[in-house]
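Here are the chains, one letter per residue:
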Amino acid sequence: MKTALVFPPQWFPSQPYLALPTLKGYLEKMGHEVDQFDFNLETYDTFLTKDYLSQCVDKIRQRLSAPAYTPEENEVKIVYRQILGDRGFLDSVLNGVEDAKSALRDEDMFFQFPVYKQAYTTLKIAMKLISYAHSPSRIDLESFFMQGNPEEHLDGILSATANRVTNPYLSLFEERFMDRADWGQYGVLGISIIHVGQVIAGLTLARMMRERHPNLHVVVGGSVFTRHIDILHNKQVLFEQFFHSLILFEGEHPLERLVTALKENTSLDSVPNLVHLKEDRVVQNAKAESLSYDDLARPNFDQLPLNKYFMPYPVLPYMASRGCYWGKCTFCTHSHIYESFYRKDNEERVAEDLDYFGKRHGTRYFTFSDEAISPNAFKRMSRAILNQGVDMRALGMLKFEAGSVETEDLFHDVFKAGFLMLFFGLESANDRILDLIDKGCDQKTEEMVLANSSNAGIWNHLYLFFGFPTEERHEAEDTIEFTLRHSELGTGSIHSVGQSTFTLEKDSAIFHDPARFSIDKIAHDPERDMAIMFDYEINKGMPRDEVQDVYQRFDSLIQDNFPSHKIWKFLSREHFLLYLDRFGRDKVKAMAQDESLVPAIEV
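Here goes a summary of the coordinates provided. (Residues numbered from 1 in each chain as written. Predicted model: local features only at pLDDT ≥ 70, side-chain atom pairs only at ≥ 80, totals over all residues. Heavy atoms only, no water.)

### Considering the nonpolar core
Part 1 of the argument: Core analysis: the largest hydrophobic core is formed by 167 residues, its most contacted members being Leu48, Trp183, Leu238, Phe368 and Tyr579.
Part 2 of the argument: Among the elements that make up this core, the one with the highest residue count is helix α7 (residues 113-133) (ten residues).
Part 3 of the argument: Excluding residues within four positions of it along the chain, Tyr579 makes contact with Phe110, Phe111, Gln112, Phe113, Tyr116, Leu571, Gly584, Val588 and Met591.
Part 4 of the argument: Residues Trp11, Leu27, Leu255 and Leu268 belong to the second largest nonpolar core, which totals 18 residues. (Core = buried A, V, L, I, M, F, W, Y, C linked by side-chain atoms within 4.5 Å. Buried < 20%, exposed > 50% of the residue type's maximum accessible area, 1.4 Å probe, protein only. Helix = DSSP H or I, 4+ residues; strand = E, 2+ residues; numbered from the N terminus. Contact = heavy atoms within 4.5 Å.)

Structure follows, in structure tokens:
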């Protein structure tokens, strides 16, 4: 009995996601036959064709001729008329979309920034056209949203997965993917859902496969449903119509035990971390301890069409540790699927893996998916990579520790090993807010570590947000002032920034102890019982409109103080890694000053 693993849309199309290769590697190590399918990539490859976009234009034409029953429908019809009335615009998108897609896969065109930017813009416009065909749903190059967030409640899921107007995946799967394989040869279909933007697509696929292929045991895993562990007891309809079982937390060992139980036709009660129906009741089996790195297997990327991702070369994800070695940030939920259990691989074996993947798949590019690589692990890993002569270029995540630990010498080794770009979770540069977040650092530490990293030649990217509970305007201004002081026009130790506004997420420390953060009330809507992000009421700190004002002001300041923003705002992190390797940090910054290389094209 073979197992099929599927990664559904909508996610970034620039590289494979690590879940399926990890599961495939482990199952094969245990003697099972496994095939993997990246339906996310195949969806983009279908969406971004002249044929599919022509179908979208036909849908827009049909919807324009249909009666409008709401003000929103009347408003979108104005846009429909504009789209259909501009034949030149339509022809440019329909005739240019496949060339644009090819440009991102072609080495020569990819590294000509004006060509890259034009291609990126064309693809963004094409996705907007698809969105209008399925309005009010919104589809982008990395996400999918339906009006009313139907993934947050059971009725919404039942309706959205059957809606042929606003759900583009229903007809896509029926017409294009059902004959993708001989599904009769499989006994298990595993679907990995790791982001809320995948819920409707993933469950649309699960429902369809279950209805059409009764031989399949459909099992869903991933971080999204793991976070619903407390509300699954009354969600029988999910197990009756969509999937037969659900795996919580890490999937290797539970999935292997499930496949074995189904092969041997034994009870599912002994499969750890499994949620399933038993006598019409939703039951949750006992938990299992997470596997050590010695018991895991090397991920297997075979069968994935690495030449079809939107990159000129394969860029492979890699994970040298699971969980977070710090694990204290009060807003964070990233380690939830690992049950906050941190462990890491042997750094010599990491270097061996990177060398193996590079040679097997003809690449030297990797993105480390670790929550954060500790300084000591970074030191050992870099030395192992250098000692073994591994040809590698990578990016990774790092936490601010201390200048005495994250020294310039450490970053020199990290850079020589091939880490060209590091992502830091700054969050804030105000010491009170940093204490409240429990970041374990202060502004002085942030300043010193960024200087050490930058002096070693590394490109530093910061993540930060505004509106943490109780944050006052002057404290947000501390973060803004710090960022600008160290921007390209300042000391130059900060090279790019990604900002957002704070969101309260289920399973964070703030969610479980709101009073500690002066939150008066969390809005628990019984009709949104599958929500992951929550509204809340607070009497201290900036109101929401002021937070948005700070965000918008900072957005404009980034453009003024980071001239290279003209380059990196268009590039995904994987694409930017390739640009850094091809041109180097200084030349990337210089490119932004060359008006012939950065023409004025906006989406």
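### What about the packing of helix α3 (residues 50-65) against helix α4 (residues 71-85)?
Part 1 of the argument: Remark: α3 packs on α4, axes separated minimally by 10 Å, with the N-to-C direction vectors making an angle of 130 degrees. Relative to α4, α3 is oriented oblique. Of the two possible hands of crossing, α3 and α4 adopt the one that is left-handed. Where α3 approaches α4, its residues Val57, Ile60, Arg61, Arg63 and Leu64 are matched on the opposing element by Lys77, Tyr80, Arg81, Ile83 and Leu84.
Part 2 of the argument: A class-by-class count of the residues in the contact of α3 with α4 yields six nonpolar, no polar and four charged. (Axes fitted to C-alpha atoms, helices over the stretch in contact; angles between N-to-C directions. Parallel < 35°, antiparallel > 145°, perpendicular 65-115°, else oblique. Left-handed = near helix turned anticlockwise from the far one by under 90°. Nonpolar A, V, L, I, M, F, W, Y, C, P; charged D, E, K, R; others polar.)

### As for helix α5 (residues 87-105)
Part 1 of the argument: With 19 residues, α5 should reach 27 Å at 1.5 Å per residue; the first-to-last C-alpha distance of 28 Å fits that figure.
Part 2 of the argument: Maximal helix bending in α5 amounts to about 45 degrees, located at Gly96.
Part 3 of the argument: Along α5, the positions that sit buried rather than exposed are Leu90, Val93, Leu94, Gly96, Val97, Ala100, Lys101, Ala103 and Leu104.
Part 4 of the argument: In this fold, the buried residues of α5 make contact with α2 (39-47), α3, α4, α6 (107-110), α7 and α23 (573-583). (Expected span 1.5 Å × (residues − 1). Bend = angle between axes of the 7 residues up to and from the residue.)

### Observations concerning the sheet that holds strand β8 (residues 274-278)
Part 1 of the argument: What the seven strands build is an open sheet, ordered β2-β1-β5-β6-β7-β8-β9; its pairing is mixed. Two strands close off the open sheet at either side, each with one partner strand: β2 (34-38) and β9 (281-284). Along the sheet, successive strands turn relative to each other by an average axial angle of 25 degrees, direction set aside.
Part 2 of the argument: Looking at chain direction, β8 and β9 are connected through four bridges and run antiparallel. Within β9, the position partnered with Leu277 by the bridge is Val282.
Part 3 of the argument: Against the sheet, helix α10 (residues 199-212) engages β1 (2-7), β5 (186-192) and β6 (217-221), with an angle of about 165 degrees to β5.
Part 4 of the argument: Helix-sheet contacts for helix α13 (residues 252-264) involve β1, β5, β6, β7 (245-247) and β8, and the interaxial angle to β6 is about 170 degrees. (Pairing = 2+ DSSP bridges.)

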